[in-house]
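# Fold and geometry: a report
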Amino acid sequence: MKAKLFDYIDRDNFIYNLSGLTKLVCFICMTFSVMFSYDIRYILLVMALSVVFFRMSEIKFKQIKLMTIYVAIFLLMNFILTYIFSPQYGIEIYGTNHELFRLNARYTVTLEQLLYQVTKITKYASVVPMGMIFLLTTNPSEFAASLNRVGCNYKGAYALSLTLRYFPDMIRDYQDIALAQQSRGLDMSRKEKLGTRVKNVMNICVPLIFSTLDKIELISNAMDLRGFGKHKKRTWYAAKPLKKGDWGAMVFGALILAGSLFVTFFVNGSRFYNPF
C-alpha cells in the first residue's frame, strides 16, 4: 500500500501495537520533559530516544517528507528571528559574556547566545519525531476508544477521531481536485508567475472547502440517523486492552519526565544548564 502524508497504515511492530492511550501518555511526558528543561544534554538524550523510536515505527520517509521540509524552514526562521530580536538574551540568562566576534554595536555573536539558540532549536526538533510517531502510528478509532475508557466524554473522543481521519482525506481530495483542474488547463508549474500560481491554488481551495462542507453534512446526518449522542455511554469496536508493553511504555515515559524534573531542580538548580 502506498504511504501518503498523514495517512495511517497498519503495521505489525512494537510501536504500532501499543495502545493509543499509551502513545498519548508517552508523547505528553516526553514533550513536557523537553519543553520544561533547557539542559541541552538531557534534550539531546530525549532526541536520540525519539529517533530510535521513529526507526522502530518503520514510518516511510515519503509520509513525512513535506512535513520535514516545513519543520526545517520553521527552525531556520526561528533561529534567525531569535537572534535579530534578542541578540543578547543568552548573556542575560547565563550572566557571562564570551564574545566570538562583533557585527556592530548591537549584534555580537557570543557563546551564551549560541548555546541558548541551539538549545531552543533542539527542543523543537526533538518534539517533531514524537509527534510524527503519535500521529502516523495511532488508529483514530482505537485512540478515541482509549480516551473514552479513561474518562473523556465519548463525543469529544469521537470528534478527535474524525479530526485525525480528516487530514489524509483532505490531502487526497486536494490532490484529486488539483489533477482535475490541471487536466482543464490550470498550470501549477514554475513556468507561471508567483501571483498566477497563488491564484490557481485558490481555484483548488474553493472546491476543496465546498467538498469538505458536503462531507461534514453527510457525516452529521449519518450520526443523527444512528442516534449518536442519545446515551451517556457507548461501546467501541476498536477498543484495545492495555498490555504489559503499554504499562512498560507509560512507566518509561514517566521516568523520562521525572528525569527532566530531577535534572532541573536538583542538578542544575534551574531550567537552564550553565556550562560557563
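Residues numbered from 1 in each chain as written. Predicted model: local features only at pLDDT ≥ 70, side-chain atom pairs only at ≥ 80, totals over all residues. Heavy atoms only, no water.

The chain goes by Energy-coupling factor transport system permease protein in an unreviewed UniProt entry, where it is assigned to Faecalicatena contorta. UniProt, in the comment section headed Subcellular location (unreviewed entry), describes the chain in these words: "Membrane". (UniProt positions renumbered as here; feature names shortened; annotations may be inferred.)

### Some thoughts on a nonpolar patch on the surface
Judged by side-chain polarity, Leu66, Ile69, Tyr70, Ile73, Leu76, Met77, Ile80, Leu81, Ile84 and Phe85 come together as a nonpolar surface patch covering roughly 980 Å² of accessible area. Along the polypeptide, Ile80 turns up in helix H4 (residues 61-85). (Patch = residues over 30% accessible without salt bridge, like charges linked within 9 Å, V, L, I, M, F, W, Y side chains within 5 Å. Areas by Shrake-Rupley, 256 points an atom, 1.4 Å probe, with all protein chains shown as cover. Salt bridge = Lys/Arg side-chain N within 4 Å of Asp/Glu carboxyl O. Helix = DSSP H or I, 4+ residues; strand = E, 2+ residues; numbered from the N terminus.)

### Quick notes on the nonpolar core
Grouped together as the largest cluster of nonpolar side chains are 12 residues: Ile15, Tyr16, Phe54, Ile59, Ile64, Met67, Val71, Leu75, Ile121, Met132, Ile133 and Leu136. Going through the elements one at a time, helix H1 (14-17), H4 and helix H6 (111-136) are the ones with two or more residues in this core. (Core = buried A, V, L, I, M, F, W, Y, C linked by side-chain atoms within 4.5 Å. Buried < 20%, exposed > 50% of the residue type's maximum accessible area, 1.4 Å probe, protein only.)

### What about the domain arrangement of the chain?
Buried accessible area, meaning the area lost when the parts come together, often serves as the stated size of an interface. Segmenting the chain into domains produces domain 1 (14-139 + 241-267) and domain 2 (145-226). Each partner contributes to the interface: domain 1 provides eight residues, whereas domain 2 provides six residues. Taking both partners together, domain 1 and domain 2 bury about 490 Å²; carbon and sulfur atoms supply 67% of that area. At the boundary of domain 1 and domain 2, one finds zero salt bridges. There are zero residue pairs in polar contact (both at pLDDT 80 or more) connecting domain 1 and domain 2. Here the residues of the side of domain 1 that touches domain 2 are counted per class, giving five nonpolar, three polar and no charged. (Domains from an automatic or database assignment. Contact = heavy atoms within 4.5 Å. Buried area = accessible area lost by both parts, 1.4 Å probe. Polar contact = N/O pair within 3.5 Å; in protein donor to acceptor, adjacent residues only side chain to side chain. Nonpolar A, V, L, I, M, F, W, Y, C, P; charged D, E, K, R; others polar.)

### Digging into the packing of helix H2 (residues 20-36) against helix H7 (residues 140-149)
Put simply, H2 and H7 touch, their axes get as near as 7 Å, and they point 75° apart. Judged by the angle between their axes, H2 and H7 are roughly perpendicular. Where H2 approaches H7, its residues Gly20, Leu21 and Leu24 are matched on the opposing element by Glu142, Phe143, Ser146 and Leu147. Classifying every residue of the contact of H2 with H7 by side-chain character gives four nonpolar, two polar and one charged. (Axes fitted to C-alpha atoms, helices over the stretch in contact; angles between N-to-C directions. Parallel < 35°, antiparallel > 145°, perpendicular 65-115°, else oblique.)

### Here's the deal with the pairing of strand S1 (residues 99-102)
The two faces of a sheet get side chains in turn, since along a regular strand they alternate between them. For S1 and strand S2 (residues 108-110), the ladder comprises three bridges, and the chain directions are antiparallel. What sits directly across from Arg102, in S2, is Thr108. Between S1 and S2, which pair antiparallel one after the other, the connecting turn spans five residues. (Pairing = 2+ DSSP bridges.)

### Considering the side chain of Asn13
Assignment of secondary structure puts Asn13 in the segment before H1. Overall, Asn13 belongs to the buried group, its relative accessible area being 9%. A distance of 3.1 Å separates a polar atom in the side chain of Asn13 from the backbone nitrogen of Ile15. Within the structure, Asn13 has its side chain in polar contact with the backbone nitrogen of Tyr16 (distance 2.9 Å).

### Some words on the UniProt feature "transmembrane region" (unreviewed entry) in the chain
Taking the UniProt record as the reference, the feature "transmembrane region" (unreviewed entry) is found at residues 14-34, 40-56, 68-86 and 247-267. Note that residues 14-34 is 90% helix and 0% strand, and that its end C-alpha atoms are spaced 23 Å apart.

### A word on the environment of Leu75
With respect to the element layout, Leu75 can be found in helix H4. As a C-alpha pair, Leu75 and Ala125 span 50 residues in sequence and 7.8 Å in three-dimensional space.

### Here's the deal with the packing of aromatic side chains
The full count for this structure, using the stated rule, is 11 aromatic pairs. Between Phe27 and Phe134 the ring centres are 5.6 Å apart and the planes differ by 10°, which places this aromatic pair in the stacked class. Note that Phe27 is positioned in helix H2 and Phe134 in helix H6, a separation of 107 residues in sequence. Phe134 gets classed as buried once you look at its relative accessible area, which sits at 15%. Just above the ring of Tyr38 sits the side chain of Lys123; from NZ or CZ to the centre is 4.2 Å. (Phe/Tyr/Trp six-rings, centres within 6.5 Å; stacked < 30°, edge-to-face > 60°. Lys NZ or Arg CZ within 6 Å of the ring centre and 35° of its normal.)

### A closer look at the packing of H7 against helix H8 (residues 154-183)
The description of two helices packed together rests on the angle between their axes and the distance between the axes. Remark: H7 packs on H8, axes separated minimally by 8 Å, with the N-to-C direction vectors making an angle of 160°. Judged by the angle between their axes, H7 and H8 are roughly antiparallel. Seen from above, H7 lies across H8 with right-handed handedness. Judged by residue contacts, Pro140, Ser141, Phe143, Ala144, Leu147 and Asn148 of H7 engage Tyr154, Ala157, Tyr158, Leu160, Ser161, Leu164 and Arg165 from H8. In terms of residue class, the contact of H7 with H8 is made up of nine nonpolar, three polar and one charged. (Left-handed = near helix turned anticlockwise from the far one by under 90°.)

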